[in-house]
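So the chains spell out like this:
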Amino acid sequence: NAKKNSFERFNYYRPYMEEETQRRLHMVRRLRADFAARKLEVWYQPQVDLNTGCIIGVESLLRWPQSDGSFISPAEFIPLAEYSGLIVDIGAWVIEEACQQIRRFNERDYNNIRIAVNVSVPQFRMRDFPELIEQQLNNHQVNADRLELEITESIVMEDPDFVADILYRLKQQGIHVAIDDFGVGFSSLSYLQKLPLDRLKIDKTFVHNSSQDSGRIIIETIVDMAHRLGLGIVAEGIEDQQQLEYFKRLKCAEAQGYYFARPMPAEQLMKLLERENGDCVSLSSSAASD
Ligand code: C2E
Ligand code: MG
Ligand code: MG
Ligand code: MG
């Protein structure tokens, strides 16, 4: 049984690992049950055009609420969902939710807001992944160019030819593709020329180093490279005015971060958009996090 096998990777057959393994297995069981009981939530974090201040998109981010009101971090449960294979079903559901949310945008005439969805390696490895997405878009009558997939360098390095094939099929439909956490993956840069990409999301660890010379050298090299390759660039994890001004000076087009807004439930996002009232809503820092 494939699921069981993938779990033995945690084991290494060493006794001291046993407790940790049991903890993870228990968490996977709870995740599976809570997903089946529809207890997972998709939250959204705005992405802002730095020239206009408008919200041009949102990133969908999974949330796993606990009975005590806390949340288990995706950083903790996504890897477990990946190892267990659960991410395939959960990921398909997230795309489903995104399609429904785009419909809600359309009903209010927010016709330019895109939704970015994170995609994991096991989803990508599925046969007919592009067709599955096409079908979901069709079912909800959502235009493909409203959807962006965020993939990591680890996906690209898995099997570059296979990934190129999948990306071209997605691209053909009109779906956007972004590289997430760019710069932390130790991957070769040559794929940037070969793959049909739209944007690079510069990892927040670099953004948080933007007050230091060493951090700036890396950021400015990445931004320059993206500009020359004709790729859009999103600065991830903008937390203060200083970082914002810095990325504006670099002519970095788009940004996302707590400074503008934290991830929020769909209803709250709709209220935020309504408050700003219009197709291209402007997000001032006063509208920021709560
Ligand atoms: P990511 O895709 O890089 O998402 C951005 C993360 O940065 C989110 O963490 C977001 O809440 C956080 N963030 C945004 N702005 C700021 C900021 O200004 N400062 C700081 N410190 N953090 C900021 P989150 O929601 O905890 O998600 C963690 C990771 O879990 C995501 O990183 C993504 O890799 C994964 N993930 C979340 N949802 C999904 C999903 O639906 N599918 C898959 N495959 N992975 C997901
Ligand atoms: Mg992401
Ligand atoms: Mg990520
Ligand atoms: Mg990221």
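The structure under discussion appears in the preceding block.
The notes below deal with the structure included here. Everything quoted here is computed from the prediction, not taken from an experiment.

## A closer look at the overall build of the chain
Step number 1: When you go through the chain residue by residue, the secondary structure sums to 13 helices and 10 strands.
Step number 2: For 290 residues, the compact-globule formula gives about 19 Å, and the C-alpha radius of gyration of the chain, at 19 Å, lands near that figure.
Step number 3: For the chain, the spread of C-alpha atoms along the three principal axes comes to 55 × 40 × 40 Å.
Step number 4: A buried classification covers 50% of the 290 residues belonging to the chain.
Step number 5: The long-range fraction of contacts in the chain, counting pairs at least 24 apart against all pairs at least 6 apart in sequence, stands at 68%.

## Focus: the packing of helix H11 (residues 213-229) against helix H12 (residues 241-249)
Step number 1: Direction vectors running N to C along H11 and H12 enclose 40°, while the axes themselves pass 11 Å from each other. One way to sum up the angle between H11 and H12 is to call them oblique. Crossing angle aside, the handedness with which H11 passes H12 is right-handed. Residues Arg216, Ile219 and Glu220 of H11 form the contact with H12, whose own contacting residues are Tyr246, Phe247 and Arg249.
Step number 2: Its residues assigned to classes, the contact of H11 with H12 shows three nonpolar, no polar and three charged.

## Some thoughts on the coordination of the magnesium ion (ligand 2)
Step number 1: At the metal site, the magnesium ion (ligand 2) is ligated by Glu59 (OE), Asn118 (OD1), Glu150 (OE) and Asp180 (OD), and these contacts range over 2.0 to 2.2 Å.
Step number 2: Sequence spacing of the donor residues for the magnesium ion (ligand 2), all on one chain, is E-x58-N-x31-E-x29-D.
Step number 3: In this structure, the magnesium ion (ligand 2) is positioned 4.4 Å from the magnesium ion (ligand 3). On the criterion of sequence distance, the pair formed by glutamate 59 in strand S2 (residues 55-65) and glutamate 150 in strand S5 (residues 147-152) is long-range, its members being 91 residues apart.

## So, the pattern of salt bridges
Step number 1: Here the structure, examined in full by the defined rule, presents 15 salt bridges.
Step number 2: Linking arginine 125 and glutamate 158 is a salt bridge whose minimum nitrogen-to-oxygen distance equals 3.0 Å. Taken together, the residues span a long stretch of sequence, with arginine 125 in helix H5 (residues 121-125) and glutamate 158 in helix H7 (residues 153-158) at a distance of 33 residues.
Step number 3: Salt-bridge contacts for lysine 201 lead to glutamate 150; the nearest nitrogen and oxygen are separated by 2.7 Å. Of the two residues, lysine 201 sits in strand S7 (residues 199-202) while glutamate 150 sits in strand S5, which places them 51 residues apart along the sequence.
Step number 4: One salt-bridge network, in which partners are shared between bridges, spans Glu20, Arg23, Arg24 and Glu76.

## Brief notes about unusual backbone geometry
Step number 1: Look at aspartate 128: it is not a glycine, yet its phi comes out positive at around 65°.
Step number 2: Backbone geometry places glutamine 141, a non-glycine residue, at a positive phi of 50°.
Step number 3: The topology assignment puts glutamine 141 in the loop between helix H6 (129-139) and S5.

## A short note on the pairing of strand S6 (residues 176-182)
Along a regular strand, successive side chains alternate from one face of the sheet to the other.
Step number 1: The element S6 is largely enclosed, with a buried count of six among its seven residues.
Step number 2: Examined bridge by bridge, S5 and S6 share five bridges and lie parallel to one another. In the sheet register, leucine 149 faces S6, and the bridge partner there is valine 177.

## Focus: the packing of aromatic side chains
Two measures describe an aromatic ring pair: the distance that separates the ring centres and the angle between the ring planes.
Step number 1: Applying the stated rule across the entire model yields seven aromatic pairs.
Step number 2: For the pair tryptophan 43 and phenylalanine 71, a centre-to-centre distance of 5.2 Å together with 70° between the ring planes defines the contact as edge-to-face. Here phenylalanine 71 lies in strand S3 (residues 71-72) and tryptophan 43 lies in strand S1 (residues 41-49), a separation of 28 residues in the sequence.
Step number 3: Taking the relative accessible area as the measure of exposure, tryptophan 43 reaches 16% and is therefore buried.
Step number 4: Seen in terms of ring centroids, phenylalanine 105 and tyrosine 110 are 6.4 Å apart; in terms of plane orientation they differ by 65°. Their pairing is edge-to-face.
Step number 5: Note on phenylalanine 105: relative accessible area 0%, which makes it buried.
Step number 6: The ring of tyrosine 258 has arginine 262 lying over it, and the distance from NZ or CZ to the ring centre is 3.9 Å.

## Observations regarding the packing of helix H4 (residues 87-107) against helix H13 (residues 266-276)
Step number 1: Packing of H4 against H13 leaves a shortest axis separation of 12 Å and a crossing angle of 25°. Taken together, the axes of H4 and H13 are roughly parallel relative to one another. Handedness of the H4/H13 crossing: right-handed. Of the residues in H13, those touching H4 at Gln101, Arg104 and Phe105 are Ala266, Leu269, Met270 and Leu273.
Step number 2: Looking at the contact of H4 with H13, its residues break down into five nonpolar, one polar and one charged.

Calculation notes
Chains are numbered independently. Their residues run from 1 in the order of the written sequence. Each chain gets a letter, beginning with A, and each ligand a number, beginning with 1, in the order they are written. For this predicted model, a pLDDT threshold of at least 70 governs which residues receive local features, and a threshold of 80 or more governs which side-chain atom pairs are given and counted, while totals over whole chains, interfaces and linings are taken from all residues. The basis for every side-chain value is the complete set of non-hydrogen atoms in the structure, without hydrogens or water. Secondary structure elements are defined from DSSP: runs of H or I of at least 4 residues count as helices, runs of E of at least 2 residues count as strands, and each element is numbered from the N terminus. Using C-alpha atoms as the atom set, the radius of gyration is obtained and then compared with a globule rule of 2.2 Å times the number of residues to the power 0.38. Whether a residue is buried, partly exposed or exposed follows from its accessible area with a 1.4 Å probe, protein chains only, as a fraction of its type maximum: under 20%, in between, or over 50%, in that order. Note on definitions: a residue-residue contact is assigned when non-hydrogen atoms from the two residues lie within 4.5 Å. Here an angle of 0 to 180 degrees is reported between the N-to-C directions of two axes, which are lines fitted to C-alpha atoms, with helices fitted over the stretch in contact. If an angle is under 35 degrees, it is roughly parallel; if it is over 145, roughly antiparallel; if it lies from 65 to 115, roughly perpendicular; otherwise it is oblique. By convention the crossing between two helices is left-handed if the near helix lies anticlockwise of the far one by an angle smaller than a right angle, and right-handed if it lies clockwise. Any residue that is not Ala, Val, Leu, Ile, Met, Phe, Trp, Tyr, Cys, Pro, Asp, Glu, Lys or Arg is counted as polar, Gly included; the first ten are nonpolar and the last four charged. Sites may look incomplete because water is not among the atoms; the donors themselves are N, O and S atoms within 2.8 Å of the metal, or within 3.2 Å for Na, K and Ca. Whenever a carboxyl oxygen of Asp or Glu lies within 4 Å of a side-chain nitrogen of Lys or Arg, that contact is scored as a salt bridge. Only when DSSP finds a minimum of two bridges between them are two strands counted as paired. Each Phe, Tyr or Trp ring (for Trp, its six-membered ring) is paired with any other whose centre lies within 6.5 Å, and the angle between the two planes then decides the class: stacked below 30 degrees, edge-to-face above 60, tilted in between. For a ring to carry a charge above it, either NZ of a lysine or CZ of an arginine must fall within 6 Å of the ring centroid while also lying within 35 degrees of the normal to the ring plane.

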